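Each chain, letter by letter, is given below.
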Amino acid sequence: MTIDKSWTQIRKRSNSVVFWQGLQSFLQMAKPHVNDRGFIRCPCNRCINNAQHQLEVLETHIHRFGFMSDYNEWIYHGENVNAASSSNVPQPNSGVHDRDEMFEVLEDIISNDAEVDQLGSQSSNVQYDDLFTALNSELYPGVSSFSSLNFLVKLMHLKVMNKWTNKSFDELLKLLKLAFPKMDLVESHYEAKRLMTKMGLGYQSIHVCKNDCALFWNENSMSETCPVCSESRWKMQEGRRTGKNVPHKVLRYFPLAPRLKRLFTTSKTAKLMRWHQAGKSTDDNVMRHPVDGRAWKDFDRKHPEFADDVRNVRLGLAADGFNPFNNMSISYSMWPVVLTTYNLPPWLCMKLEYLMLSLLIPGPQSPGKDMDVFLRPLIEELKELWENGIDTRDAGNDRKVFKMRAALLWTVNDFPARSSLSGWSGQGYKACPTCNEDTPSMRVIGKTAYFGHRRFFPSTHRWRSNLDFDGRTERKRPPRRFSSVDIMDQLRRVKTSIPGKHPNYGGVKRKRGDDELNWRKKSIFYEPPYWAEIELKHNLDVMHIEKNICDSLLGTLMGDPHKSKDTDNARRDLQHLGIRSELHLYEDGNKLMKPAAEYTFSEANRRKFCRFVRSVKFPDGFAGNLSKNVAHNDSRIVGLKSHDCHVIMQRLLPVGCRSLVNKTISSTIIELCTFFNQLCARTVNVTDMVKAQDQLVIILCNLERIFPPAFFDIMIHLVLHLPEEAILGGPVYMRWMYPFERNAAKPEGSISEGYVVDEALTFCSRYFDDIETRFNRPDRNDDGIHRTSRLFVFESQCKPMGKQSQVYVEKNVRDRAEFYILNNSPEIETYLNQHKQELQLRGCLNPDEAHRNEFADWFFEKIYAMNRVHAPEVTHELLSLASKSNIFVSSYPACIVNGVRFVTHARDVRLKTQNSGVSVPGTENEIFYGQLQQILEFSYLNDFSVVLFKCKWFRCDSRHMVTENNITSINITSESYKDDQFILASQAQQVFYVEDPSREDGMSDIDLLQDNSSSNFTLFVDLGNLPQINLQRNDGDVIPIAQPFTTVSQHVNKTASFLNDDDEDDETVEESADEETDEGNNDVDTEEDDDDRSYHTSDSD
């Protein structure tokens, strides 16, 4: 049987379903041929079958680095050599598409209508007449390379990509017309937008009652007054209409069906809509996409007829309010409702280009309990798509028409918005939607505290009888698990309420009955027949929970008068409960005194923590400049945004607090931060989440013994349910609000018009290869295009940056560097072994030293002797490698390797970012840490070169490295391996160092390393590299992939390449989240001294 190997030639691997399916078939074929340790040769362009890895690493390497081009007979992976033939490997298509790209664009746009069978019948469609006229018009007489439409679309795309103003675009058009009078081009931006709108999918304007009682839609579309409150549909002036009928409010609805159809009728995305079937995890314990979660699997089991067709669409919904005027003094709340498609690969489905705006709910007031009124058009369409489906052409299956159906899996919202959508109030004694009526809560002065997590322990647990918590024995049973049947039974008891905010109708406050619990309404989402049985209906948003917890912890630790939960009333609560008498308020004369608590920093420690945060320097693109959030007098940390809290919670707080409060408090905080780090991993381990559920109960109970009850708002309690939701829904990054929270700058009408135009331009840009678009623009730290070679060392993925300088390297240093290059060239391992054998036959007393000193000359003579007799194995690359490098070496201050920016330490100290920290794994699960001193490019014959990092390595033995609370301290005053400082640039993994506030001046300088091996830490969902996962075992150990050696250079894995995915993902969060800024990541020179201080390091993954 002929094996299809065409997928190995695909270059754009991230967006290719064909490549992914071919890779999975290859792995299945190779699976029976792994050795007894589960290892097999890796045929990626890095390892070229010289290194052995587990299948998970093969999957990662091949997807990231590509399949080696000259491996035509898969003899190491199960192919029968006699049946294999290199001639069967299809070659890349070198043909050139000789027609205008816009022809294909219009073809796909019009085929979105399943009633249209041929492109030739389109001229009769008036809607597209102007587009075909522009498509058939030359931009300029005699210029056939550009049609008028093609040029205009690309020009508009540049406007959007570079954020030109409308006025500047008009001025550019005027200049073009002035310079080229015969150019066939529109006169203004308005005309261009009108033409672009014809390629968009449009929207519907639906009038809304001024009191949000009802929509003037369907049966009420012709009504002049509200069917609920009888208010006029139109704005009135002195009891009469204005000259023109102007509605009070307008809801913009963007129909869902045509947008879903376009994903299938477009050749660029049709096959991607099947990814969830081909890309699901084969390990039930590993989740990297919602398809791997229990909720998706349960849905498929309950609705097999829906699951049978993989093209049926699974959707997620997000809604949140924002102020479009960017002026907080103006009270205005507009609510966009956005949908995402979970059929797509995880690196695409949360990208802006694939999010679909569905509703734009007008302000100025938040819809609140009347959210269902505005959701009505969307829910009706969802019901239609579930029950009947819609005819859709599938460009991935010869444009055959199939019946597409869709289902809403869940919603993603912050906690207040969740209350509006779900109907369960997030306030009061029963605020937790999971614990329901069993929510652990108690009344304290002025608020409700969600306190009492001892009840989650077994009845015999010793902490249940401990009076230190609240002065009482805990006898309540653990909260019950409420099934879908239980929830529906509760909803039957909920009374129907009148919608709207009219003071005589829906605006009348109604007291809920005891049997209604916290239900305010039965949500409109229960109308689709499948919704009641969904296990995970409304996600708890980790982004907002993490931010609120970070604010509470920091505010209380810092004693911030505005954010601290340690208030006077909190102390009075302790007095009322009769616990912790040492913290009770007392009178001293005429003054009311508040004793200092162990959980707050002293004045000196508060300043020390602020200086610690101010001193942090992150890698490029990792986070904002947090020093801007530290008050000038080092007394407060202010203005933290969601992403700032994300980084502080997972990176800085565990280090900063451990020496400033006692060990019991710091250990508990560190355990909580470690959980968030693990929860936010790209790949979620089910076993880890099950363990975390039990561990969180202990963590929360320890917090109850530390902080007063007033500290425990609902956000603290909700952490307890995050592991279970991760098991149900899969990785958090596909279920949080980071990609959805985007501030706009214009009110509803302008946003709607702009969205339709932007939607059309985004669609067109998929077909453009000759200009930069959202789909082909290079990453911030893009390596560029690299030459291919048969030798691993000549294929170093490195892009030098900065001013090049020629330096002379002393002979002994250059000899060590060249031997390192040779020793890390797996292709010449035969020669390395041959030379060692000759040394043994000679009876050499110190064969290792002789091998290092003599191999280069021996190898040179050997290869040149073989070349003189025209030995076929001597290639240009091998001859160049044997000929040694140029005496002069190029030096650079910075470079980009494997998508990560590295900067030499000498330059790094002058920047606001930190990119000089490096680490490399050894063969015995040890890790070496150091600082990058020089970036050296060694030149060889035939224009080949190798980039090496010269590093300062720190001692990593037990005397100089101590681990406590998953944080490792490493002494940097003691340098190691001074004679063996080189590594290949592609072998380096980036870490960053953070000053340790526990060290006083004059003490030994310490670098601290956070052990993050249990979590592939990530911040958002650019995720072009998501299939590249599991470079580490589930137990966190680094996978050894080379023979044991004796020096640091030899301890480096010979062919290891590392997945460094920090910059682009983290940078995307800063660009996409509504509050974030990347100002802190500019390379700004400062006058800081290059002093040795105490640091904490963390893998910038």
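Residues numbered from 1 in each chain as written. Predicted model: local features only at pLDDT ≥ 70, side-chain atom pairs only at ≥ 80, totals over all residues. Heavy atoms only, no water.

**Thoughts on the overall build of the protein chain**
Scanning the protein chain for helices and strands turns up 30 helices and 37 strands. The burial tally for the protein chain puts 58% of its 1101 residues in the buried class. Across the protein chain, the fraction of contacts at a sequence separation of at least 24, relative to all contacts at a separation of at least 6, is 71%. For the protein chain, the accessible surface area stands at approximately 46400 Å², while carbon and sulfur atoms represent 47% of it. (Helix = DSSP H or I, 4+ residues; strand = E, 2+ residues; numbered from the N terminus. Buried < 20%, exposed > 50% of the residue type's maximum accessible area, 1.4 Å probe, protein only. Contact = heavy atoms within 4.5 Å. Areas by Shrake-Rupley, 256 points an atom, 1.4 Å probe, with all protein chains shown as cover.)

**A closer look at the sheet that holds strand S26 (residues 894-897)**
Hydrogen bonds along the backbone pair up the strands of a sheet, which may run parallel or antiparallel. Sheet architecture is open: 3 strands sit in the order S23-S26-S27, paired in antiparallel fashion. Of all strands in the sheet, those with a lone pairing partner are strand S23 (798-801) and strand S27 (900-903), marking the two edges. On average, each strand axis in the sheet is inclined to that of its neighbour by 20 degrees, with strand direction left out of account. The pairing of S23 with S26 spans 4 bridges and is antiparallel. Looking at the pairing, Lys799 lines up with Ile896 of S26. (Pairing = 2+ DSSP bridges. Axes fitted to C-alpha atoms, helices over the stretch in contact; angles between N-to-C directions.)

**A word on helix H24 (residues 811-823)**
Between its first and last C-alpha atoms H24 spans 18 Å; for 13 residues at 1.5 Å apiece the expected length is 18 Å, and the two agree. By the burial criterion, the buried members of H24 are Val813, Arg814, Ala817, Glu818, Phe819, Tyr820, Ile821, Leu822 and Asn823. (Expected span 1.5 Å × (residues − 1).)

**Focus on the side chain of Thr341**
Tracing the backbone shows Thr341 in strand S12 (residues 335-341). Excluding its chain neighbours within four sequence positions, the residues that come into contact with Thr341 are Leu260, Leu263, Met273, Val313, Arg314, Leu315, Cys349 and Met356.

**What about the environment of Gln981?**
By secondary structure assignment, the location of Gln981 is in the loop between strand S33 (975-976) and strand S34 (982-984). When the C-alpha atoms of Gln981 and Trp953 are compared, they prove to be 7.1 Å apart, with 28 residues separating the residues in sequence. In this structure Gln981 touches Phe949, Lys950, Cys951, Trp953 and Glu975, once residues within four positions along its chain are discounted.

**Quick look at helix H14 (residues 484-492)**
All of the buried residues along H14 are Ile487, Met488, Gln490 and Leu491. Taken end-on, H14 shows its buried residues confined to a sector of 155 degrees, consistent with a single buried face. Exposed residues pointing more than 90 degrees away from the buried face of H14 are listed as Val485 and Arg492. (Arc of directions from axis to C-beta.)

**Some points on the pairing of strand S9 (residues 249-253)**
Extensive coverage of S9 is indicated by the burial of 5 of its 5 residues. Burial along S9 is two-sided: Lys249, Leu251 and Tyr253 facing one way and Val250 and Arg252 facing the other are all buried. The sheet contact formed by strand S5 (residues 204-208) and S9 spans 5 bridges and is antiparallel. The residue of S9 that forms the bridge with His207 is Val250. Two strands pair when backbone bridges link them, and S9 and strand S13 (residues 356-361) are joined in this way by 2 bridges, in the antiparallel orientation. When the bridges of S13 are listed, Tyr253 appears paired with Leu359.

**Focus: the pattern of salt bridges**
For the coordinates displayed, the defined rule picks out 43 salt bridges. Between Glu759 and Arg259 there is a salt bridge, and its shortest N-O distance comes to 2.7 Å. Of this pair, Glu759 sits in helix H23 (residues 748-765) while Arg259 sits in helix H8 (residues 257-265), and the two are 500 residues apart along the sequence. Judged by relative accessible area, Arg259 falls into the buried class, the value being 4%. Its salt-bridge partner being Lys369, residue Asp370 comes within 3.2 Å of it at the nearest N-O pair. In this structure, a network of salt bridges that share partners links the residues Asp212, Lys249, Lys369, Asp370 and Lys501. (Salt bridge = Lys/Arg side-chain N within 4 Å of Asp/Glu carboxyl O.)

**What about the packing of helix H5 (residues 148-162) against helix H7 (residues 189-197)?**
Between H5 and H7, the least distance of the axes is 11 Å, while the angle of their chain directions is 105 degrees. The angle between H5 and H7 places the two elements in the roughly perpendicular class. Residues Leu149, Leu152, Val153, Met156 and Lys159 of H5 touch H7, and the partners they reach there are His189, Ala192, Lys193, Leu195 and Met196. Within the contact of H5 with H7, the residues separate by chemical class into 7 nonpolar, 1 polar and 2 charged. (Parallel < 35°, antiparallel > 145°, perpendicular 65-115°, else oblique. Nonpolar A, V, L, I, M, F, W, Y, C, P; charged D, E, K, R; others polar.)

**Some points on unusual backbone geometry**
Cis peptide bonds are those with omega within 30 degrees of zero, and the linkage from Gly363 to Pro364 qualifies with 10 degrees. Within the secondary structure, Pro364 is located in the loop between S13 and helix H12 (371-387). We note that Asn218 has phi near 55 degrees; this positive angle belongs to a residue other than glycine. Along the chain, the position of Asn218 falls in the loop between strand S6 (215-216) and strand S7 (236-237). Phi at Asp634 takes a positive value of approximately 55 degrees, unusual for a residue other than glycine. As for its placement among the helices and strands, Asp634 is situated in the loop between helix H17 (603-615) and helix H18 (642-656). Residue classification places Asp634 among the buried positions, given a relative accessible area of 14%.

**A word on a nonpolar patch on the surface**
Taken together, the side chains of Tyr808, Ile887 and Phe888 make up a nonpolar region of the molecular surface, amounting to roughly 320 Å² of accessible area. Looking at where Phe888 falls in the secondary structure, it is placed in strand S25 (residues 888-892). A relative accessible area of 45% means that Phe888 is categorised as partly exposed. (Patch = residues over 30% accessible without salt bridge, like charges linked within 9 Å, V, L, I, M, F, W, Y side chains within 5 Å.)

**A few points about the sheet that holds S12**
Pairing is mixed across the open sheet formed by 8 strands, whose spatial order is S6-S5-S9-S13-S12-S11-S16-S19. Strand pairing shows two members of the sheet lacking a second neighbour, S6 and strand S19 (538-540), which therefore form its edges. Of the pairings in the sheet, the one linking strand S16 (residues 406-413) to S19 comprises 3 bridges and is parallel in character. When the sheet's bridge partners are listed, Thr411 is paired in S19 with His538.

**Things to note about the confidence of the model for the protein chain**
Looking at the protein chain, pLDDT values average 81 and 84% of them are 70 or higher. Low confidence marks residues 1001-1101, where pLDDT is under 50. Its contacts with residues over four positions away, or in another chain, come to 368 contacts. (pLDDT = per-residue confidence, 0-100.)

**As for the packing of aromatic side chains**
Counting across every chain of the model gives 45 aromatic pairs. Centre to centre, the rings of Phe299 and Trp386 are 5.9 Å apart; their planes meet at 70 degrees, and the pair counts as edge-to-face. Placement of Phe299 in helix H10 (residues 294-302) and of Trp386 in helix H12 is noted, with a sequence separation of 87 residues between them. With respect to burial, Phe299 and Trp386 carry one shared label: buried. (Phe/Tyr/Trp six-rings, centres within 6.5 Å; stacked < 30°, edge-to-face > 60°.)

**A look at the nonpolar core**
Membership of the largest hydrophobic core comes to 179 residues, with the highest contact counts inside it found for Leu260, Phe609, Leu653, Leu672 and Phe676. Ranked by size, the runner-up nonpolar core spans 53 residues in total, among them Phe792, Val813, Met866 and Val946. (Core = buried A, V, L, I, M, F, W, Y, C linked by side-chain atoms within 4.5 Å.)

**Describing the environment of Thr773**
Relative to the assigned elements, Thr773 resides in the loop between H23 and S23. Taking the relative accessible area as the measure of exposure, Thr773 reaches 0% and is therefore buried. The spacing of Thr773 and Leu158 is 615 residues in sequence and 8.3 Å in space, taken between C-alpha atoms. Apart from residues no more than four positions distant in its own chain, Thr773 is found in contact with His157, Met161, Ser765 and Phe768.

**Some thoughts on the side chain of Ser883**
As for its position among the elements, Ser883 is in the loop between helix H27 (876-882) and S25. Taking relative accessible area as the criterion, Ser883 reaches 17% and is therefore assigned buried. Leave out the neighbours within four places in its chain, and Ser883 touches Phe860, Tyr864 and Leu941.

**Remarks on the state of the cysteines**
Applying the stated criterion to the full structure yields 0 disulfides. Sulfur of Cys213: no disulfide; nearest cysteine sulfur belongs to Cys229 and is 3.7 Å away. (Disulfide = S-S within 2.5 Å.)

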